[in-house]
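Coordinates in review
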Amino acid sequence: MKRALITGISGQDGSYLAELLIARDYEVHGLVRRDSIEDSSRRLSNINHLKEDITFHAAALDNELSLYKVIAKVQPDECYHLAASSFVSYSFEDEYSILTTNFNGTHFLLASLKEASPDCRFFFAGSSEMFGTVEAAPQDEATPFNPRSIYGISKLASHHLVRNYRTQYGLFACTGILYNHESPRRDFKFVTRKITSQAARIKLGLADKLYLGNLAALRDWGYAPDYVQAIWQILQHHTPDDYVIATGVNHSVEEFVTCAFSYLGLNYRDYVEIDPRFYRQAEDIPLCGNATKIRNALGWQPTKPLEDIIAEW
Ligand code: G4F
C-alpha cells in the first residue's frame, strides 16, 4: 500500500486528491493546522466525509521542525504540496507572509524530505501567475517567467527550488504549472464561487446585488478534479518533470457571470455592480495554457468545458 502525504488537504484540490488516492488504496496522511483539528466540522468541511480514511498531523508550513517530524514519522512514498497562501489580491497587501509561507514552506518540505525520506516523490503546485506579464498566448513550459505579483514570485522562487532539488540532490520533484481550476469546493473569495454563490442567494431572495471587479478579465478555467488527476499522473511517470496544466481556452469574467445568472433565469445586468475594491488590471495578453506536453507524455486532457463546470454548482 502506497503512503501519501498531502499539504493543503482540506482545500479544494487537497480534498479531491484525497478522494482519488483513497479510491486507489493509498494510506493518506494530511498536514493541517492545530486549530483545524480542534474546529474540524467547519475548517475541514471539504473532507468531513473522508475523515475516517485520513490520518491527520498537526504542523505548520512556517515551522520546519514540525514538518520534519511528520515526514520522518510517516515516511511517505509521495508528497503533494498544495498548501499555500493562494489569493492573489492578498499578495498586494501582505508581501511578507505570502513569501514566508509559500517559499519557506516549500523549502522546509524539500529539505526535510532530502534528510528524512529521500526516495519520496514530491509534487509542487505552481501557478500560471509565474508567467505574469507575457508576450504571447498560449504559454507552455518554455515560456519565459515574468511574475507581476508577490504571489507569482513566491511560486516561481519555489519552482526554482524544486528544480534545484531535482538536479542537485536527485529528488523526484516536479512542478505542475496550474491555471485556474474551479469546483463547488472553491473558496468563496475567488471570483467563480463568489459569482455562483451570490447568484444563488439573489435567486432565493437573500441578496440583491453582486459587486465585482474587472468583468473584461480573461482566465483559462478548468475543472479541479481533472487537475488533481493530472497532479497524480505526474508523480506516476517514470521521470520527474514540470508540466503546464490548462484547458487552452479563455473566457471572460463577464461570460462566466452571464452563464451563471442565466442558469437561474436571471439577467446579470440587473444585479451586478462594479466595485473598485475588487478591480485588478487585466493582463494585456491573457494567461492561457498550452497543455500539449502533459497530453503527449501522460495522456492527460481536461474533460469539462466551463458551461458544464458552472452547471455543477
Ligand atoms: O478568482 P480569482 O481571484 O483568481 P486568480 O487571481 O486568477 O488566481 C487563481 O488562479 C491562479 C492561477 O491558477 C492561482 F495561482 C491562484 O492561487 C488562484 O487560484 O480572479 C480571477 C479573475 C482575475 O482576473 C480578477 O481580476 O477574476 C477577476 N475578478 C473580477 N472581479 C475578480 C473579481 N476576482 C475576484 N477574486 N473577485 C472579484 O470580485
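As a starting point, this report considers the structure included with it. (Residues numbered from 1 in each chain as written. Predicted model: local features only at pLDDT ≥ 70, side-chain atom pairs only at ≥ 80, totals over all residues. Heavy atoms only, no water.)

**Topic: the environment of F124**
Here F124 shows up in strand β5 (residues 121-127). Given a relative accessible area of 1%, F124 falls into the buried group. Beyond its immediate stretch of four places on either side in the chain, F124 contacts H81, T106, K155, S158, H159, V162, C174, T175 and G176. (Helix = DSSP H or I, 4+ residues; strand = E, 2+ residues; numbered from the N terminus. Buried < 20%, exposed > 50% of the residue type's maximum accessible area, 1.4 Å probe, protein only. Contact = heavy atoms within 4.5 Å.)

**Let's talk about the site of the ligand**
Of all residues adjacent to the ligand, which total 23 residues, the nearest are S86, S127, K194, R219 and R280. One of the backbone nitrogen or oxygen atoms of G213 is found 2.8 Å away from a nitrogen atom of the ligand. In the model, an oxygen atom of the ligand is placed 2.7 Å from a nitrogen or oxygen of the R280 side chain. For the ligand, the accessible surface in isolation is 720 Å², of which the surrounding protein chains cover 96%. If you list the elements that add at least two residues to the shell around the ligand, you get α7 (191-203) and β8 (210-212). (Near = heavy atom within 4 Å. Polar contact = N/O pair within 3.5 Å; in protein donor to acceptor, adjacent residues only side chain to side chain. Areas by Shrake-Rupley, 256 points an atom, 1.4 Å probe, with all protein chains shown as cover.)

**Remarks on the nonpolar core**
The biggest cluster of nonpolar side chains holds 37 residues, and the ones touching the most others in it are I6, L21, V28, Y80, I245 and I294. Secondary structure elements with two or more residues in this core: β1 (3-7), α1 (12-23), β2 (27-32), β5, β6 (173-178), α8 (224-236), β11 (243-245) and α10 (292-298). Among the elements that make up this core, the one with the highest residue count is α8 (8 residues). Among the nonpolar cores identified, the runner-up in size contains 24 residues, and L31, V74, A116 and L161 belong to it. (Core = buried A, V, L, I, M, F, W, Y, C linked by side-chain atoms within 4.5 Å.)

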